[in-house]
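# Coordinate inspection notes
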Amino acid sequence: MKARVHVTLKNGVLDPQGKAIGHSLNRLGFPEVGDVRQGKYIELEIAETDKTKAKARLEDMCKKLLANTVIENYSIELVG
Amino acid sequence: MKAAVLVFPGSNREGDVAQAIELVTGRRPAMVWHGDGDFEKTDLIVVPGGFSYGDYLRCGAMAAQSPVMAEVKRRAAQGVPVLGICNGFQIVTEAGLLPGVLMRNAHLKFVCADVHLKVETSQSLFTNRYQAGQVIKVPVAHAEGNYFADAETLKRLEDRGQIAFRYCAPDGTVDGSGNPNGSINNIAGIFNETKTVMGLMPHPENATEPMFGGTDGKALFEGMVEALS
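Remember, predicted model here, so these are calculated numbers, not experimental data.

### Some thoughts on the interface of chain A and chain B
Counting from both sides, the interface comprises 15 residues of chain A and, opposite them, 14 residues of chain B. Across the chain A to chain B interface the summed buried area is about 1,200 Å²; carbon plus sulfur atoms make up 69%. Across the chain A-chain B interface, the total number found is one salt bridge. One can count five residue pairs in polar contact (both at pLDDT 80 or more) joining chain A with chain B. Residue assignment for the side of chain A that touches chain B shows that the elements contributing at least two residues are α1 (16-27), β2 (39-45) and α2 (51-66) of chain A. Of the residues contributing to the side of chain A that touches chain B, the split by class is ten nonpolar, two polar and three charged.

Here it is as structure tokens:
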């Protein structure tokens, strides 16, 4: 099955890249854009059919490598 | 003092630090490839600067999971001193040997410049040749040197004297003017609880001979030789 992992900065952690993106959008004629937070999107192909097991393994992957939980949150979505 | 310098794909300051070590010990350190799960016993392990694994995912994240780092973690737990410089600091934090994380510089720019550092303590095997409060000048070269830790961790580091160096103005004033990357509390380098692991963003190895423009980093290496020989 396929897994989609989103890694985002925790609330309260300064995101200068998000800020720069927001400023650029404002300058480009999108004044409606307020706060911008950027993150990472990772797609993984998983050789596992049991969703519960796959979820547990992905949690482990996120904690060990995909996210740095000092500053980042992660969310896991399983597809198919 | 016998030292090992780790080499990852993308390391680029391993030669500089090896040269600095040779300068003060007269002895070339062992260069250890990232895939080596075992290597000769040494008095010191240095994790050098560079762009290990192209900074993929997060700076230091991939290198922290390499076979050599598993062995470094075992040895660090036994008390073998570990020095992480720049990307090496990022790697040892990602490996959990030091708390916190190095984030993208607050101004989003790569910074390559000489900076002033205030030595916070002389009570460590890394800083014993300096005086507490002394101001030294060494270069930095990084895009992710913005140290961050949560409030609880930060308080613990401060309370236990685990701050090694802070960015400061030339006169030693610790304020925003001397901070090149937005690092919290102007932190440039920290120790672990036992002060056997130190990580810092600046490059003392590039301030060891007059032709480099300064020699303030040399005492760090001389101090280690004194403590570990």
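### As for the sheet that holds strand β3 (residues 72-79) of chain A
Residue and element names in this part refer to chain A. The three strands are arranged β2-β1-β3 in an open sheet whose pairing can be described as antiparallel. Strand pairing shows two members of the sheet lacking a second neighbour, β2 and β3, which therefore form its edges. Across the sheet, the mean angle from the axis of one strand to that of its neighbour is 15 degrees, orientation sign disregarded. Looking at chain direction, strand β1 (residues 2-9) and β3 are connected through eight bridges and run antiparallel. Its bridge partner lying in β3, R4 is registered against E77.

### Some details on the pairing of strand β11 (residues 197-200) of chain B
Residue and element names in this part refer to chain B. Covered by surrounding structure in β11 are V197 and G199 together with M198 and L200, the residues of both alternating faces. In this sheet, β11 lies alongside strand β4 (residues 82-85) in parallel orientation, the contact comprising four bridges. If you follow L83 over to β11, its bridge partner there is M198. With three bridges joining them, strand β10 (residues 187-191) and β11 adopt antiparallel strand pairing. Of the residues in β11, the one forming a bridge with F191 is M198. A loop of five residues connects β10 with β11, the two strands running antiparallel in sequence, and K195 in this loop sits at a positive phi of about 55 degrees.

Each value, and the rule that gives it
Residues numbered from 1 in each chain as written. Chains lettered and ligands numbered in written order. Predicted model: local features only at pLDDT ≥ 70, side-chain atom pairs only at ≥ 80, totals over all residues. Heavy atoms only, no water. Contact = heavy atoms within 4.5 Å. Buried area = accessible area lost by both parts, 1.4 Å probe. Salt bridge = Lys/Arg side-chain N within 4 Å of Asp/Glu carboxyl O. Polar contact = N/O pair within 3.5 Å; in protein donor to acceptor, adjacent residues only side chain to side chain. Helix = DSSP H or I, 4+ residues; strand = E, 2+ residues; numbered from the N terminus. Nonpolar A, V, L, I, M, F, W, Y, C, P; charged D, E, K, R; others polar. Pairing = 2+ DSSP bridges. Axes fitted to C-alpha atoms, helices over the stretch in contact; angles between N-to-C directions. Buried < 20%, exposed > 50% of the residue type's maximum accessible area, 1.4 Å probe, protein only.

Scope: geometric values only; no functional claims are made or implied.
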